[in-house]
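Here is what each chain is made of, one letter per residue.
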Amino acid sequence: MERWLALELASTIRHDGEGGVADDLATVRGTTHWIQEQGELLAGHVPAGGLAADEDLRLGIIELRQAVRALFARAVSPAPPSPADAHRLMAADQAMARLNTAAAREQVAPQLDWPVEGVPTTRLLSAENDPCVRLVAALARAAIDFLSGPQRTQLRSCTAPRCVRYFVKSHGRQEWCKPSCGNRARAARHYRHRRRAVDGGPGPS
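Residues numbered from 1 in each chain as written. Predicted model: local features only at pLDDT ≥ 70, side-chain atom pairs only at ≥ 80, totals over all residues. Heavy atoms only, no water.

Draft legend 1. Layout of empty space enclosed by the protein. One pass over the full model with this rule turns up one cavity of 30 Å³ or more. If you add up the space inside the largest cavity, you get close to 40 Å³. Forming the boundary of the largest cavity are Gly44, His45, Glu106, Val108, Leu124, Ser126, Arg134 and Arg141. Breaking the lining of the largest cavity down by element, the ones donating at least two residues are β4 (121-126) and α5 (131-147). Taken together, the residues that form the lining of the largest cavity break down as two nonpolar, three polar and three charged. (1 Å grid on protein atoms, 1.4 Å probe; cavity = no way out; pocket = protein on both sides within 12 Å on 5 of 7 lines; lining within 4 Å. Points joined across faces, edges and corners; volume = space filled by probe spheres on them. Helix = DSSP H or I, 4+ residues; strand = E, 2+ residues; numbered from the N terminus. Nonpolar A, V, L, I, M, F, W, Y, C, P; charged D, E, K, R; others polar.)

Here it is in structure tokens:
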């Protein structure tokens, strides 16, 4: 299953399994754990073995996440955004400015690699020594790539009860981010239908 760093960042806001919302970046320890979980996607951007977060890095990633989620909300419009932060979204122009500023903090240059037996590839060579700056810039560039790429048109906000995730629609009939959300949504729909039948009226949909 394909993973996108921008979507992983947005998904650090998630349903906690008990009717509330959890934040994987709520603590320095949680932020460090999340960074380490993204090791494959961050390869070449942070030191091997991951990076231990501090409070400044945690806050920097959260600020970037606010921008990403605001732009995700714009991408899924006119459908409703994730209910986790729909009432306090950053303005789109402010979100873009924050994203572009973070991406510009790291100076990078493309480098060509073309083996004798093989195809040419490119990689970005960084002039930045601070791994924290490199990490935040990499997250920002990943978000820019995501939002300017074809997957943006397939971005959706899951409409299952209590879910607050964004997801990329992988097939034409997909309505929810994962099967468990689909089960919960169908159960809620069945309950509403039963209530309408008991009450004898159309009731709310």
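Back to the write-up after that little detour.
Draft legend 2. Inspection of the layout of surface pockets at higher detail. Its boundaries defined by the atoms lining it, the largest pocket holds a volume of some 490 Å³. Along the wall of the largest pocket there are 19 residues; nearest its centre are Met1, Leu7, Tyr166, Phe167 and Cys177. Elements with a contribution of two residues or more to the lining of the largest pocket: α1 (5-10) and β6 (166-168). By residue number, the principal contributor to the lining of the largest pocket is β6, which donates three residues.

Draft legend 3. Spotlight on the nonpolar core. Grouped together as the largest cluster of nonpolar side chains are 41 residues, with contacts concentrated most on Ile35, Ile61, Phe72 and Leu135. Elements that contribute at least two residues to this core include exactly α1, α2 (28-37), α3 (55-76), α4 (92-104), α5 and β6. Examining the composition of this core, we find that 11 residues originate from one element, α3, more than from any other. Residues in contact with leucine 135, not counting those within four places in the same chain, are Ile35, Leu42, Val46, Leu51, Leu57 and Ile61. In this structure, Cys163, Phe167, Trp176 and Cys181 belong to the second largest nonpolar core, which totals seven residues. (Core = buried A, V, L, I, M, F, W, Y, C linked by side-chain atoms within 4.5 Å. Buried < 20%, exposed > 50% of the residue type's maximum accessible area, 1.4 Å probe, protein only. Contact = heavy atoms within 4.5 Å.)

Draft legend 4. Seen up close, the side chain of arginine 58. You can see arginine 58 is positioned in helix α3. Within the local environment of arginine 58, its side chain forms a polar contact with the backbone oxygen of leucine 25, the two atoms lying 2.8 Å apart. Beyond its immediate sequence surroundings of up to four residues, arginine 58 is in contact with Leu25, Ala26, Thr27, Val28 and Thr31. (Polar contact = N/O pair within 3.5 Å; in protein donor to acceptor, adjacent residues only side chain to side chain.)

Draft legend 5. Spotlight on the pattern of salt bridges. Throughout the structure, instances matching the rule amount to seven salt bridges. Between aspartate 24 and arginine 14 there is a salt bridge, with the nearest N and O atoms lying 2.8 Å from each other. One end of the pair, aspartate 24, is in the loop between β2 (21-23) and α2; the other, arginine 14, is in strand β1 (residues 13-15), with 10 residues separating them in the sequence. Since its relative accessible area comes to 27%, arginine 14 is described here as partly exposed. (Salt bridge = Lys/Arg side-chain N within 4 Å of Asp/Glu carboxyl O.)

Draft legend 6. Focus on α3. Between the first and last C-alpha of α3 there are 31 Å, a value that for 22 residues agrees with the 32 Å anticipated at 1.5 Å per step. Measuring from the side-chain oxygen of the N-cap residue of α3 to the backbone nitrogen of aspartate 56 gives 3.3 Å; that N-cap residue is aspartate 54. (Expected span 1.5 Å × (residues − 1).)

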